[in-house]
Amino acid sequence: MSGHWLDLVVERAGLACDGLEIGPSTPALDAWKAVTSACSVSEEELVRHVATYFKLGVANFDAAQPTSLRLIPEKVARKYWIFPLRDEYKHLYVATINPTDFEVEQAVGFASGRQAIFEVAGPLALLEAIDLTYTPRVIGG
């Protein structure tokens with residue numbers, strides 16, 4: 001089978017999808033949009049299905065350690081769609097929308113000097129975490 005990894009998640013989860021077509025090289029962000037639209041599934045539900053399929057945790061942004069942010073620059077977080085959650089010994093737990101991307105693992109290792117351990121997040125939640133955490137807020141006029 002030469003489909004996208006999200007096709008396998010959808011199949012295993014038994015989701016009923018209307019006209020879902022995801023090419024194997026479809027970027028993860030576009031694939032998430034296609035699945036949530038065609039399968040009438042929320043981002044949160046799809047996160048749980050992806051986490052179950054890959055036997056990974058679900059990212060909890062509320063429990064993220066602020067000290068982990070210094071390990072991944074904003075530019076890297078935005079480029080690879082990741083968010084640092086916590087740093088434990090030689091591991092860095094990161095939220096990702098694509099747990100199959102080896103390039104992301106390498107980028108985390110290079111940027112942080114730690115081995116990446118993925119937890120699954122949806123694109124909207126991940127982008128919100130990046131925007132709220134990395135981008136300084138301007139208050140007042």
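In case you missed it, the structure is sitting above this.
A short tour of the structure in this document, coming up. Worth saying up front: this structure is predicted, and the values here are computed from it rather than measured.

## A word on the packing of aromatic side chains
Logical step 1: On inspection of all chains with the given rule, the structure shows four aromatic pairs.
Logical step 2: Between Tyr53 and Phe54, the aromatic rings sit 4.9 Å apart at their centres with planes inclined by 80°, giving edge-to-face as the arrangement.
Logical step 3: Residue class for Phe54 comes out partly exposed when judged on its relative accessible area of 25%.
Logical step 4: Considering the side-chain rings of Phe61 and Phe83, the 5.5 Å spacing of their centres and the 75° angle between planes classify their relative orientation as edge-to-face. Separated by 22 residues along the polypeptide, Phe61 in the loop between strand E1 (57-58) and helix H4 (74-80) and Phe83 in strand E2 (residues 82-88) bring together distant segments of the chain.
Logical step 5: Overall, Phe61 belongs to the partly exposed group, its relative accessible area being 23%.
Logical step 6: Connected via pairs of aromatic rings, a cluster forms that spans Trp5, Tyr53 and Phe54.
Logical step 7: The ring of Tyr93 carries Arg86 above its face, with NZ or CZ at 4.0 Å from the centroid.

## Brief notes about the packing of helix H2 (residues 28-38) against helix H3 (residues 43-54)
In helix packing, the relevant descriptors are the interaxial angle and the interaxial distance, both defined with respect to the helix axes.
Logical step 1: Where H2 contacts H3, the axes come no closer than 10 Å and their chain directions differ by 115°. Between H2 and H3, the angle falls in the class roughly perpendicular. Regarding H2 and H3, the two cross each other, and that crossing is right-handed. Each of Trp32, Val35 and Thr36 in H2 lies in contact with H3, whose residues at this interface are Glu43, Leu46, Val47 and Val50.
Logical step 2: Among the residues making up the contact of H2 with H3, the classes are represented as five nonpolar, one polar and one charged.

Reading the values: the criteria
Along every chain, residues carry numbers that run from 1 in the direction the sequence is written. For this predicted model, a pLDDT threshold of at least 70 governs which residues receive local features, and a threshold of 80 or more governs which side-chain atom pairs are given and counted, while totals over whole chains, interfaces and linings are taken from all residues. Remark: hydrogens and water are excluded; side-chain values derive from all non-hydrogen atoms of the structure. Any two rings among Phe, Tyr and Trp, with Trp reduced to its six-membered ring, count as a pair given centres within 6.5 Å; such a pair is stacked if its planes are under 30 degrees apart, edge-to-face if over 60, and tilted if neither. Remark: exposure states derive from per-residue accessible area (1.4 Å probe, protein chains only) relative to the maximum for the residue type, with buried under 20%, exposed over 50%, and partly exposed in between. Here a strand is any run of E in DSSP of at least two residues, a helix any run of H or I of at least four, and the numbering for each starts at the N terminus. Put simply, a charge is over a ring when the Lys NZ or the Arg CZ is close to the ring centre, within 6 Å, and near the line of the ring normal, within 35 degrees. Note on geometry: axes are C-alpha line fits, over the in-contact stretch for helices, and angles between N-to-C directions span 0 to 180 degrees. Orientation is classified from the angle alone, with under 35 degrees giving roughly parallel, over 145 giving roughly antiparallel, 65 to 115 giving roughly perpendicular, and any other angle giving oblique. Crossing handedness is read from the near helix: turned anticlockwise from the far helix by less than a right angle, it gives a left-handed crossing, and turned clockwise, a right-handed one. In this description, contact between two residues means that some pair of their heavy atoms is separated by no more than 4.5 Å. Put simply, Ala, Val, Leu, Ile, Met, Phe, Trp, Tyr, Cys and Pro go in the nonpolar bin, Asp, Glu, Lys and Arg in the charged bin, and everything else, Gly too, in the polar bin.

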